[in-house]
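Architecture at a glance
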Amino acid sequence: SQTIHQWPATLVQPVGSPLSLECTVEGTSNPNLYWYRQAAGRGLQLLFYSVGIGQISSEVPQNLSASRPQDRQFILSSKKLLLSDSGFYLCASLAPGYTFGSGTRLTVV
Amino acid sequence: AQSVTQLDSHVSVSEGTPVLLRCNYSSSYSPSLFWYVQHPNKGLQLLLKYTSAATLVKGINGFEAEFKKSETSFHLTKPSAHMSDAAEYFCVASSGDYKLSFGAGTTVTVRA
């Protein structure tokens, strides 16, 4: 079975600072990987997905980027955080069946 | 594009009473539908899923959901709530391209 490691659980960052959230997957090879975000009072929105190493698709224009340097590693980044980047970020894997990380609650101050 | 609407942002029930969490989906075809639960500081856990087989789906921990195409609904129920059911619940739809659409979530509190 798959396991997703996602850290940190909570993060408080100042506006304009960089961001790097990492997600690693165990127990499967070549999964589809996803980054979702939930803003306050809204459902989880798909930000990025990847079907393989170096392959990233963006679903919404934003201040964030994603990379997949290894098969089981998916990274969400920003060069300069905005207040609107605050939210709950969730990494997910599909291989087959969905597995979710425990999420990161980001507060930009 | 499909969307998922969870009709209640917060549901409060007494222990031992029934729980009903409402979900409607919008899609031009029958999607795969899921209910997930998230306890504080834990990952999302799959409760049950509908994939065009039986319309009444039984899940873990006594939960079940009924798919009603005419109403585009997939409501989650449990006959008797337990304190451990206090959590956030997400209704999720999956289209054929393996992307998930999440509802906004319903927070369930259980009173002793």
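Described in the following lines is the structure provided in the data block.

Definitions and limits used
Residues numbered from 1 in each chain as written. Chains lettered and ligands numbered in written order. Predicted model: local features only at pLDDT ≥ 70, side-chain atom pairs only at ≥ 80, totals over all residues. Heavy atoms only, no water. Disulfide = S-S within 2.5 Å. Helix = DSSP H or I, 4+ residues; strand = E, 2+ residues; numbered from the N terminus. Buried < 20%, exposed > 50% of the residue type's maximum accessible area, 1.4 Å probe, protein only. Pairing = 2+ DSSP bridges. Contact = heavy atoms within 4.5 Å. Buried area = accessible area lost by both parts, 1.4 Å probe. Salt bridge = Lys/Arg side-chain N within 4 Å of Asp/Glu carboxyl O. Nonpolar A, V, L, I, M, F, W, Y, C, P; charged D, E, K, R; others polar.

**Digging into the state of the cysteines**
Residues and elements named next belong to chain B.
- Under the defined criterion, the tally for this structure stands at two disulfides over all chains.
- What pairs with cysteine 23 in a disulfide is cysteine 91, and their sulfur atoms sit 2.0 Å apart. Disulfide cysteine 23-cysteine 91: the torsion about the S-S bond is -70°, which places it as left-handed. Taken together, the positions of cysteine 23 in strand S4 (residues 23-26) and cysteine 91 in strand S10 (residues 87-94) put the pair 68 residues apart, joining distant regions of the chain. For the pair cysteine 23 and cysteine 91, one class covers both residues: buried.

**Description of the pairing of strand S9 (residues 87-94) of chain A**
Residues and elements named next belong to chain A.
- By the criterion of burial, S9 is predominantly enclosed, with eight of the eight residues buried.
- Where strand S4 (residues 32-38) meets S9, seven bridges bridge the pair, whose relative direction is antiparallel. Bridge pairing links tyrosine 34 to alanine 92 in S9.
- Strand direction decides the pairing type here: S9 and strand S11 (residues 104-108), joined by three bridges, are antiparallel. Paired with tyrosine 89 across the two strands is threonine 104, which belongs to S11.
- Where S9 lies against strand S10 (residues 98-100), three bridges are found, and the strand directions are antiparallel. Residue serine 93 lies in a different strand from S10, and its bridge partner there is threonine 99.
- Between the end of S9 and the start of S10, which pair antiparallel, lie three residues, with glycine 97 showing a positive phi angle near 80°.

**Considerations on the interface of chain B and chain A**
- On the chain A side, the residues contacting the 15 residues of chain B number 17 residues.
- Summing both partners gives a buried area of about 1300 Å² for chain B against chain A, and 62% of it is carried by carbon and sulfur.
- Inspection of the region where chain B meets chain A yields zero salt bridges.
- Looking at the side of chain B that touches chain A, the elements with two or more residues in it are strand S5 (32-38), S10 and strand S11 (100-102) of chain B.
- It is S10(B) that provides the largest number of residues to the side of chain B that touches chain A, a total of three residues.
- Class assignment of the residues belonging to the side of chain B that touches chain A gives a composition of seven nonpolar, five polar and three charged.

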